[in-house]
Amino acid sequence: MIWQKKKKKKKKKEIEECISEYVPQPLVPREVSDRIRLDTEKVPVLKSAMDTVVRMEVGGEERELINFSGFNFLGFANDRKVKDAGISALRRYGPGSCGPRQFYGTFDCHLELEEKMAKFVGTATSILYASGLATQTSAVSAFAKRGDFLLIDNGVRHGILLAAKLSRSNTRLFKHNDMQDLEVQMKAVAAEQKRKRTLTRRYVVIEGLYGCYGDVAALPAIRDLCDTYKFRIILDDSFGLGVLGPTGRGVLEHHNLPVSTVEMVLADTGINFTTIGGICAGKQKVTNHQRLNGSGYCFSASNPPYYVCTGIECVDQLLSGSDRVPRLQRNAREFRELLAASVDGLNIGGYEESPLIHMYLTESFDDHSTLEKHHLLQRIVDSALLKGVTLSRAKSIETHPVEPPPSIRVTVTCEHTREQLEKGAAAIAEAAKEVLASTS
């Protein structure tokens, strides 16, 4: 029997002294960092539908601008058929569901979207969540528990890291898309479990098309390592689904791999399918488990039906053989070529057919601090805005364990015309020249 020494109780006078001396911590830091101030002082506000051309207030007047900053990759946001589907659903179902999926919050359109998303991804079933973040946090924590291992690419977005924290699993990060480092981590986990004579679930968590970098996961190499060291793969293909592969079925189609390569496919449907929510696609047992164990599914009001019906229309168009995906990939290649030929002082990163393009300061600015680089890039964004083009400086949460390098994020859609691409590249080149020349 182990005896523990009882803590001595404080006297009433001591308790009163402690209470009188107590100073509560502020809800937010008293001093806002320069980085947070930079990230929040300018919030662009649109005054029109999301499209290749948007209306914004610039310099005190409302102007039309060529838009290279939204995630409307497939051009569905202002599509007439998609809008009609939402209007029709609003008239039929009303504006909201007013209940979680298991408590009269399931409409026939929810089931239809789940069925069609599963067909598009190529899995047996899918489950629909009310938000993209809830998809990540709920799906991962429904399967990974205390004692399990999660090896996560350090280039993933915040939602996956939050999911790992909520799961209370043993979480380790490997260098972005670095297969050598991943194998080192796998060997370490295998050796540790062999030494302790324990065997738990082990996962590798990756994105298909990385939102923070615009590059593609080395999935064939990851699959081979997982087969060797007995890990399962959880794939978040939020940016890849609808973008990569000949028909837009994501990174699995891009690498010509069967969907059985991964345990499940997660996707934020708000990115490419002009709706709110997210899906987790996989085997029947994978989705069934989440219907009772996915917290975001069980305890959140379901997606408003009119949003669901706009998503159905988007998937229907892709399933019917729409030319949006090849047009998007062509525009991405052409815009990268235009940028590479005209922009000095910035390196163009990411995969050649990725419509998500990150531009980084060249090595000549390595002597600048991270904050100084962010300020320079913001000046380029501001200058381009005055020239009629919207861009976005990439932002990340300060607590992210490995912050991506400072960059300007540029996005391309299938609806951009050649003229718009040329004007956009010229404006970016001119803005970069003006700003960077003043620093030399």
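These numbers were taken from a predicted model, which means no experiment stands behind them. (Residues numbered from 1 in each chain as written. Predicted model: local features only at pLDDT ≥ 70, side-chain atom pairs only at ≥ 80, totals over all residues. Heavy atoms only, no water.)

### Some thoughts on the overall build of the protein chain
Line of reasoning, step 1. Secondary structure assignment for the protein chain yields 16 helices and 14 strands.
Line of reasoning, step 2. What you see for the protein chain is a C-alpha radius of gyration of 24 Å, in line with the 22 Å of a compact globule of 440 residues.
Line of reasoning, step 3. Oriented by its inertia axes, the alpha-carbon framework of the protein chain measures out at about 80 × 55 × 50 Å.
Line of reasoning, step 4. Considering the protein chain as a whole, with its 440 residues, one finds that 51% of them fall into the buried category.
Line of reasoning, step 5. Partitioning the intrachain contacts of the protein chain with sequence separation of at least 6 by distance along the chain shows that 69% fall at a separation of at least 24.
Line of reasoning, step 6. A total of about 22,000 Å² of accessible surface is found on the protein chain, and carbon and sulfur atoms cover 53% of it. (Helix = DSSP H or I, 4+ residues; strand = E, 2+ residues; numbered from the N terminus. Rg over C-alpha atoms; globule rule 2.2 N^0.38 Å. Buried < 20%, exposed > 50% of the residue type's maximum accessible area, 1.4 Å probe, protein only. Contact = heavy atoms within 4.5 Å. Areas by Shrake-Rupley, 256 points an atom, 1.4 Å probe, with all protein chains shown as cover.)

### As for the pattern of salt bridges
Line of reasoning, step 1. In total, this model carries 30 salt bridges according to the counting rule given.
Line of reasoning, step 2. Connected through shared salt-bridge partners, Lys-47, Arg-55, Glu-57, Glu-62 and Glu-64 make up one network. (Salt bridge = Lys/Arg side-chain N within 4 Å of Asp/Glu carboxyl O.)

### Here's the deal with helix α6 (residues 158-167)
Line of reasoning, step 1. When we look at burial in α6, the residues that qualify are Gly-159, Ile-160, Leu-161, Ala-163, Ala-164 and Ser-167.
Line of reasoning, step 2. Where α6 is buried, its residues contact α5 (132-143), β4 (149-153), β5 (170-174), β6 (202-207) and β7 (232-236).
Line of reasoning, step 3. Arg-168 sits one or two positions beyond α6 and adopts a positive phi of about 65 degrees.

### A look at the side chain of Asp-215
Line of reasoning, step 1. Within the secondary structure, Asp-215 sits in the loop between β6 and α8 (219-229).
Line of reasoning, step 2. Salt bridges are absent for the buried Asp-215, whose nearest opposite-charge side chain, Arg-336, sits at 9.0 Å.
Line of reasoning, step 3. Within the local environment of Asp-215, its side chain forms a polar contact with the side chain of His-176, the two groups lying 2.8 Å apart.
Line of reasoning, step 4. The contacts of Asp-215, once residues within four sequence positions are left out, are His-176, Asn-177, Gly-208, Leu-209, Tyr-210, Gly-350 and Tyr-351. (Lys, Arg positive; Asp, Glu negative; His and termini not counted. Polar contact = N/O pair within 3.5 Å; in protein donor to acceptor, adjacent residues only side chain to side chain.)

### Let's talk about the packing of aromatic side chains
Line of reasoning, step 1. Enumeration according to the criterion identifies 7 aromatic pairs in this entry.
Line of reasoning, step 2. Aromatic side chains Phe-71 and Phe-73 sit 5.8 Å apart centroid to centroid with 35 degrees between the ring planes, which places their arrangement in the tilted category.
Line of reasoning, step 3. Here Phe-71 falls in the partly exposed class, since its relative accessible area comes to 28%.
Line of reasoning, step 4. Each ring, one from Tyr-306 and one from Tyr-307, has its centre 4.8 Å from the other, and the planes form 25 degrees; the classification is stacked. (Phe/Tyr/Trp six-rings, centres within 6.5 Å; stacked < 30°, edge-to-face > 60°.)

### Points about the sheet that holds strand β14 (residues 408-411)
Line of reasoning, step 1. Read across the open sheet, the 4 strands follow the order β10-β11-β14-β13; overall the sheet is antiparallel. Two strands close off the open sheet at either side, each with one partner strand: β10 (346-349) and β13 (392-393).
Line of reasoning, step 2. Here 2 bridges tie β13 to β14, and the two strands are oriented antiparallel to one another. Looking at the pairing, Ser-392 lines up with Arg-409 of β14. (Pairing = 2+ DSSP bridges.)

### Considering the confidence of the model for the protein chain
Line of reasoning, step 1. For the protein chain, the average pLDDT comes to 92, and 98% of its residues sit at 70 or higher.
Line of reasoning, step 2. When pLDDT is averaged over each helix and strand of the protein chain, the minimum, 81, is found for helix α1 (residues 12-21) and the maximum, 98, for helix α9 (residues 251-254). (pLDDT = per-residue confidence, 0-100.)

### Focus: the state of the cysteines
One way to say it: the disulfide is the covalent bond shared by the sulfur atoms of two cysteines.
Line of reasoning, step 1. What the rule picks out here adds up to 0 disulfides.
Line of reasoning, step 2. Of all cysteine sulfurs, the one in Cys-280 lies closest to Cys-298, which takes part in no disulfide; the gap is 13 Å.
Line of reasoning, step 3. The structure places no disulfide on Cys-414, whose sulfur is separated from the nearest cysteine sulfur, that of Cys-314, by 11 Å.
Line of reasoning, step 4. Overall, Cys-414 belongs to the buried group, its relative accessible area being 3%. (Disulfide = S-S within 2.5 Å.)

### As for the nonpolar core
Line of reasoning, step 1. Core analysis: the biggest nonpolar cluster contains 84 residues, and Leu-182, Met-186, Val-204 and Ile-206 have the highest contact counts within it.
Line of reasoning, step 2. Ranked by residues supplied to this core, first place goes to helix α13 (residues 305-319) with 6 residues.
Line of reasoning, step 3. Ignoring sequence-local partners within four residues, the contact set of Leu-182 consists of Leu-151, Phe-174, Val-204, Ile-222 and Leu-225.
Line of reasoning, step 4. Leu-339, Ile-357, Val-381 and Leu-421 belong to the second largest nonpolar core, which has 30 residues in total. (Core = buried A, V, L, I, M, F, W, Y, C linked by side-chain atoms within 4.5 Å.)

### Thoughts on the environment of Pro-305
Line of reasoning, step 1. With respect to the element layout, Pro-305 can be found in helix α13.
Line of reasoning, step 2. The spacing of Pro-305 and Leu-90 is 215 residues in sequence and 7.3 Å in space, taken between C-alpha atoms.
Line of reasoning, step 3. Setting aside its immediate chain neighbours within four residues, Pro-305 contacts Ala-89, Tyr-93, Gly-96, Ser-97, Phe-107 and Cys-109.

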